[in-house]
Amino acid sequence: MPDSQSQPSPWPPHSSGSSGQPDAAPLLLCGARLTDGRTVDVRVGGGRIEAVGTAGSLTPGPARTSAARVDLGGYLLLPAPAEPHAHGDTTLSAEHPGPVSYAPEDVQRRATEAALLQLGHGATAVRAHVRVGDVQGLGALGAVLQARRSLRGLAELTTVAMPRLLTGVAGADGLAMLRDALKMGASVVGGCPDLDPDPTGYVEAVLEVASEHGCPVDLHTDAADPARLSRLAAMAGGLRSGVTVGPCAGLARLRGEAAARLAEQLAAAGVAVVCLPQGGCGAADRRGTAPVRLLRAAGVRVAAGSGALRDVANPVGRGDPLEAAYLLASAHGLRPEDAYDAVSGSARAVLGLPEVRVEAGFPAELLAVRGDRLSGALSLAYSRVVVHRGRVVARTSAVREYCNSAAAAELGLPRQGRGELS
């Protein structure tokens, strides 16, 4: 098994603008392979793809004398993934004994490290769910928002405010806390209606606050109660800013006809589903994966997230979108193209981000993975180059070596390593 670790690389140069953030220098991505089999050069400028041409055909451009060149020979070039379901406040907490620390400095450090790990995997945008109220108040949210500021220019980190209760006497405090969280900088209204004594009232409160502020909604639900999910779909249909639910593993435990009816209702309401093929998250009581093929057949937009990243819900969670796509293909029967769309195009749509294609005019949010086909990239995605806003922001390299053998020499098998293993 190869070791996969970040290694020093000659980074393309960049300059710093008046905002203090790096301005993307002209960039040529050379010799990359596309999923349609073409080998191309890609010219990037101003954070967007300027041109795509046959290998060796592109120059820096008429107004430029030079551009940084990145050799992507042997790599497959793809739209970058996005992470639609992370937990910024509890991430990377499994290895620490005792209760999770919500001290702002601990949350900020963990959230920043997690976002960088996910960026190394290729996710240039992350939606982080953060609990508000109870013991942590708004402290954890403030820490994740600080992490967001420190990551500007490297990755996009948005936050979902998650109050525990929104109904009854106790819910009044949660409702006030939710509105304060949005004023503070949270951009999505969320939560877990399954944990409230009045789940329908919880959803009504969330939708009302979201409508007031023009915010999207992202709710945690196991979806094990068909009537409850049906009511949620009926209520959510009118929210123009969009509604997402997940992980909805309970749908897979329903009988076929009942699950199909609910899928049709979600599709009619325009409600997207984020599944978690790598495992559960702290707000979901049960593990499992939503019935992705049934949902897609009904017309539901299905994205895939990572959920827990080495926290108590999944102490070995990797936070790797390509692993999520691999599992959708290997365990749930999606074509590699559809599986990758769940972590890229559909995930970006759920986050309200613009579409990305490897074509002129589209945002330069790209992931290069060593390999020549998507199926191989999902299987052995060790070496990666990540481009955000037209700038190379992360590289991961891996080399596999074997000791000398007569069989390899006789058959002319490909070898990456050049030295002998001792």
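The structure under discussion appears in the preceding block.
Quick caveat: nothing in here was measured; it's all calculated off a predicted structure.

**Digging into the pattern of salt bridges**
Then, in step 1: What the rule picks out here adds up to 17 salt bridges.
Then, in step 2: Here Arg389 makes a salt bridge to Glu156, at a shortest N to O gap of 2.5 Å. One end of the pair, Arg389, is in the loop between β18 (384-388) and β19 (391-398); the other, Glu156, is in strand β11 (residues 156-163), and 233 residues separate them in sequence.
Then, in step 3: What makes Arg389 partly exposed here is its relative accessible area of 43%.

**What to know about the sheet that holds β11**
Paired through their backbone hydrogen bonds, the strands of a sheet run either parallel or antiparallel.
Then, in step 1: Here we have eight strands laid out as an open sheet, ordered β9-β10-β11-β12-β13-β14-β15-β16, and parallel in their pairing. Two strands bound the open sheet, and with one partner strand each, they are β9 (83-87) and β16 (302-304). For this sheet, the mean angle separating the axes of adjacent strands, direction not counted, is 30°.
Then, in step 2: As paired elements, strand β14 (residues 243-247) and strand β15 (residues 272-275) share two bridges and run parallel to each other. Bridge assignment links Thr244 to a residue of β15, and that residue is Ala272.

**Here's the deal with helix α2 (residues 139-150)**
Then, in step 1: Between its first and last C-alpha atoms α2 spans 17 Å; for 12 residues at 1.5 Å apiece the expected length is 16 Å, and the two agree.
Then, in step 2: What α2 keeps buried is the set Ala140, Leu141, Gly142, Ala143, Val144, Leu145 and Ala147.
Then, in step 3: Of the surrounding secondary structure, the elements contacted by the buried residues of α2 are α1 (104-121), β10 (125-132), β11 and α3 (168-184).

**A few points about the state of the cysteines**
Then, in step 1: A full pass over the atoms with the stated rule returns zero disulfides.
Then, in step 2: Considering cysteine sulfurs only, Cys275 is the nearest to Cys248, which forms no disulfide, with 9.4 Å between them.

**Points about α1**
Then, in step 1: Here α1 spans 26 Å end to end across 18 residues, near enough to the 26 Å set by a 1.5 Å rise per residue.
Then, in step 2: Elements that come into contact with the buried residues of α1 comprise β9, β10, α2, β18 and β19.
Then, in step 3: After α1 finishes, the residue Gly122 shows a positive phi value of roughly 125°.

**Regarding unusual backbone geometry**
Then, in step 1: Here Gly246 and Pro247 are connected by a cis peptide whose omega angle stands at 0°.
Then, in step 2: Within the secondary structure layout, Pro247 lies in strand β14.
Then, in step 3: Although it is not a glycine, Cys248 sits at a positive phi angle of roughly 60°.
Then, in step 4: Relative to the elements of secondary structure, Cys248 occurs in the loop between β14 and α6 (256-269).
Then, in step 5: Take Cys248: its relative accessible area is 0%, and that puts it in the buried class.

**Points about the nonpolar core**
Then, in step 1: Judged by nonpolar contacts, the single largest core of 80 residues is most densely connected at Val189, Val217, Leu251, Leu266 and Leu295.
Then, in step 2: Looking at which element gives the most residues to this core, the answer is helix α4 (residues 199-213), with seven residues.
Then, in step 3: Once residues lying within four places of it in the same chain are set aside, the contact partners of Leu295 are Leu251, Ala263, Leu266, Val273, Ala290, Val300 and Val302.

**Some points on the packing of α1 against α2**
Think of two packed helices as two axes; the pair is described by the angle between the axes and how far apart they sit.
Then, in step 1: Interaxial distance between α1 and α2 falls to 8 Å at its minimum, and their mutual angle equals 45°. Considered as vectors, α1 and α2 are oriented oblique to each other. In this structure, α1 meets α2 at a crossing whose hand is right-handed. Residue-level inspection shows Pro104, Val107, Gln108, Ala111 and Thr112 of α1 in contact with α2, the latter providing Gly139, Ala140, Ala143, Val144, Gln146, Ala147 and Ser150.
Then, in step 2: For the contact of α1 with α2, the per-class residue count stands at seven nonpolar, five polar and no charged.

Reading the values: the criteria
- Throughout this document, residue positions are counted from 1 along each chain, in the order its sequence is written.
- Local features are withheld for residues below a pLDDT of 70 in this predicted model, meaning they are given only at 70 or higher, and side-chain atom pairs are given and counted only at 80 or more; totals for whole chains, interfaces and linings count all residues.
- Just so you know, side-chain values use all the structure's heavy atoms and leave hydrogens and water out.
- The salt bridge definition used is simple: a Lys or Arg side-chain nitrogen within 4 Å of an Asp or Glu carboxyl oxygen.
- Secondary structure is summarised from DSSP: a helix means a run of H or I of at least four residues, a strand means a run of E of at least two, and numbering begins at the N terminus for each.
- Think of it in three bands: residues with accessible area under 20% of the maximum for their type are buried, residues over 50% are exposed, and the middle band is partly exposed, with areas taken using a 1.4 Å probe on protein chains only.
- Two strands are said to pair when DSSP picks up at least two bridges between them.
- Only the stretch in contact is used when fitting a helix axis, every axis being a line fitted to C-alpha atoms; angles between N-to-C directions are given from 0 to 180 degrees.
- In this analysis, the expected span of each helix is defined as 1.5 Å times one less than the number of residues it contains.
- The contact criterion used throughout is that any non-hydrogen atoms of two residues lie within 4.5 Å.
- The definition used for a disulfide is geometric: two cysteine sulfur atoms within 2.5 Å.
- Take the buried Ala, Val, Leu, Ile, Met, Phe, Trp, Tyr and Cys residues and link them wherever side-chain atoms come within 4.5 Å; each set so joined is a nonpolar core.
- Here is the rule for angles: anything less than 35 degrees is roughly parallel, anything more than 145 is roughly antiparallel, 65 through 115 is roughly perpendicular, and the remaining ranges are oblique.
- Should the near helix be turned anticlockwise from the far one by less than a right angle, the crossing is termed left-handed; should it be turned clockwise, right-handed.
- Polar here means any residue other than Ala, Val, Leu, Ile, Met, Phe, Trp, Tyr, Cys and Pro, which are nonpolar, and Asp, Glu, Lys and Arg, which are charged; Gly is therefore polar.

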